[in-house]
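# Coordinates in review
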Amino acid sequence: MAKLRAGVSSVNITPPIGIDLTGFAGRPSPAVGVHDDLHAKCLALEADGVRVGIVTVDLLGLDRDIVERVREGAEREAGVPRSNLMLNASHTHSGPATISLKGLGERDELYVEELVRKLIGAVKMAFDRLRPARIGFGRGEARIGVNRRQRLRDRTVIGRNPEGPVDTTIYLIRVDDDKGKPMAILFSHAVHPVVLGAKNLLFSADYPGYAVRLVESVEGCVAMFAQGCCGDVNPEVVGGTFEDARRIGTILGAHAIGVAEAVRTSEEAELRCEREVLKLPLQDPPSPEEAGRLVERYKRELREAIERGENRGQIMVREGMVRWAEEVKRLAEEGVKGLTCDFEIQAIQLSEEAAIIGMAGEVFVDYQLHIRSRSPYPFTMVLGYTNGCIGYVPTEGAYPEGGYEVEVAYKYYGTLMLRPESDRIIREGALSLLRGMRG
Ligand SMILES: [Zn+2]
């Protein structure tokens, strides 16, 4: 075991108004204002010459090229190896388009350029501030989420499924200075930040922002929220008000404070990182004839929507669906089969007792429950939306049930849906990464 040094930073990444929000289909306009500022935070850790950086951002997600540019810059500017930098997005649906989803908002390249520089700067600042530190781990509970895959007689809808799985656990890491005063509190929970719905046109960090600000005000340190595997978990209130977001964030933040106060910290740490890019199998495209019919159908729907005078956001979604169908048609005509999708899993060991594992997708919560209960580390923080996002990652059992996450969302994210066999590959991949790192 080695002595830990740590540093932390926080930068404001609120975009200018007038650029597109993302997360919901059919928003009538770009952002018209700012409700609460968006932030990026970095926790820098060093022990025995090993540097690890954990970055959290109040954004829906990050395109792969953004992740790679930040990692490259962070290696150059802060000496943290690319494979040792983790970037987690809170998945707020009231942030700018920093992940390219067809028809859900266009990326603003001027903003993205500035964002990349700010994230690299945040990493550099955190590593410039390294000083002797202590680290500890804790768990608590908050009941703010509900499984959202509601089964009707003949289909599955986004609603409420109180019998479905959730993880009520708050996973929390507290880093203190050598006097025992909190320097950073990183906590995770797995609930979609959609308290604010599609009607909201103001930038906001949604409920995690309220939770983080509460923790910061009480603990007097930088607080960071990391999103868990909330692919099928929604908050108790969806499409609500800022008051709803405040209430739900306050419940989470108040419980996190209770956990933080009970943590015991140690000056010893043993840092390690492991990373693997899995190849997940994709469905094959339909026949060229069927793909051609899809193109015609979406083009017709677009024409009709224009005639009806639908709003800008609704037209953008329909244009996105035409683009998707044309991509499917091209693949169908080329006769390609057996395609795969790269899926990054990254694991960080903090001590012999504690690790973080992050996956690049909207992963269903059952994976989080499975991985944490079989992990060789008694404390395992399992995250989704990490180092990019390939789209929804349902459980094998969810495929025959259908629903938004299985049948719709992949069209925004890419071209073809995952195959159910991905489930086993991810569980085995994640656990073997953790076991290999533990040694
Ligand atoms: Zn989502």
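Note: the structure precedes this text.
What comes next is a walk through the structure. Starting from 1, residues in each chain are numbered consecutively following that chain's sequence as written. Thresholds applied to this predicted model are a pLDDT of at least 70 for local features of residues and 80 or more for the giving and counting of side-chain atom pairs; totals over whole chains, interfaces and linings are not thresholded and use all residues. By convention in this description, side-chain values take in all heavy atoms of the structure and omit both hydrogens and water.

The next thing to look at is the packing of aromatic side chains. Whether two aromatic rings pair depends on their centres lying within 6.5 Å, for rings of Phe, Tyr and Trp, where Trp uses its six-membered ring; planes under 30 degrees apart make the pair stacked, over 60 edge-to-face, and the rest tilted. Taken as a whole, this structure holds seven aromatic pairs when the rule is applied. A ring pair is formed by Tyr-171 and Phe-379, whose centres lie 6.3 Å apart and whose planes are at 80°; its orientation type is edge-to-face. A residue pair is termed long-range when its members are at least 10 positions apart, and Tyr-171 in strand β12 (residues 169–177) and Phe-379 in strand β22 (residues 379–383) qualify at 208 residues. Of the two residues examined, Tyr-171 and Phe-379, each falls in the buried class. An aromatic cluster is present here, built from Phe-137, Tyr-171 and Phe-379 joined pairwise through their rings. It is Arg-213 that lies over the ring of Tyr-210; its NZ or CZ is 4.7 Å from the centre. Ring-over charges, as used throughout, are those where CZ of Arg or NZ of Lys falls within 6 Å of the ring centre and within 35 degrees of the ring normal. Directly above the aromatic system of Tyr-298 lies the positively charged group of Arg-297, at a separation of 4.7 Å from the ring centroid. A run of H or I in DSSP becomes a helix once it reaches four residues, and a run of E becomes a strand once it reaches two; helices and strands are each numbered from the N terminus. Only protein chains enter the area calculation, which uses a 1.4 Å probe; residues under 20% of their type maximum are buried, those over 50% are exposed, and those in between are partly exposed.

Before going further, it helps to examine the packing of helix α1 (residues 64–78) against helix α2 (residues 109–128). The axes of two packed helices give the description: the angle between them and the distance between them. Here an axis means a line fitted to C-alpha atoms, over the contact stretch when the element is a helix, while the angle between two N-to-C directions is reported on a 0 to 180 degree scale. Viewed as axis vectors pointing N to C, α1 and α2 meet at an angle of 35°, and their least axial separation amounts to 9 Å. Where α1 crosses over α2, the handedness of that crossing is right-handed. Judged by residue contacts, Ile-66, Arg-69, Val-70, Gly-73, Ala-74, Glu-77 and Ala-78 of α1 engage Val-112, Glu-113, Val-116, Leu-119, Ile-120, Val-123, Lys-124 and Phe-127 from α2. Each residue is assigned to one class: nonpolar for Ala, Val, Leu, Ile, Met, Phe, Trp, Tyr, Cys and Pro, charged for Asp, Glu, Lys and Arg, and polar for all the others, Gly among them. Residues that form the contact of α1 with α2 fall into these classes: 10 nonpolar, one polar and four charged. When the near helix sits turned anticlockwise from the far one by under a right angle, the crossing is termed left-handed; a clockwise turn instead gives a right-handed crossing. Whether two residues touch is decided by their heavy atoms; if any such pair falls within 4.5 Å, the residues are in contact.

Let us now look at the coordination of the zinc ion. Water is not part of the atom set, so a site may look incomplete; the donors themselves are N, O and S atoms within 2.8 Å of the metal, or 3.2 Å for Na, K and Ca. Within the first shell, the zinc ion binds the protein through His-91 (NE2), His-192 (NE2) and Glu-362 (OE), at distances of 2.0 to 2.1 Å. Read from N- to C-terminus, the donor residues coordinating the zinc ion fall into the pattern H-x100-H-x169-E. With His-91 in the loop between β6 (85–89) and β7 (95–96) and His-192 in the loop between β13 (182–189) and β14 (202–203), this residue pair connects regions lying 101 residues apart in the sequence. Residue His-91 shares its accessibility class with His-192, and that shared class is buried.

Next up on the list: the layout of surface pockets. Within this model, the largest pocket holds a volume of roughly 460 Å³. Grid points spaced at 1 Å and placed over the protein atoms alone form the basis of the search, with a cavity being a set where a 1.4 Å probe fits but cannot get out and a pocket an open set showing protein on both sides within 12 Å along at least five of seven lines. Lining residues have an atom within 4 Å of a point. In terms of lining residues, the largest pocket is bounded by 27 residues, among which Cys-341, Cys-389, Ile-390, Tyr-413 and Gly-414 are the most central. Elements with a minimum of two residues in the lining of the largest pocket: β19 (340–351) and α9 (409–413). Grid points are joined across faces, edges and corners, and a volume is the space filled by probe spheres set on the points. Taken as a whole, the second largest pocket spans an internal volume of roughly 350 Å³. Together, 19 residues line the second largest pocket, and Gly-23, Phe-24, His-93, Ile-158 and Tyr-404 are the ones closest to its centre. Taken together, the residues of the lining of the second largest pocket sort by class into 12 nonpolar, five polar and two charged.

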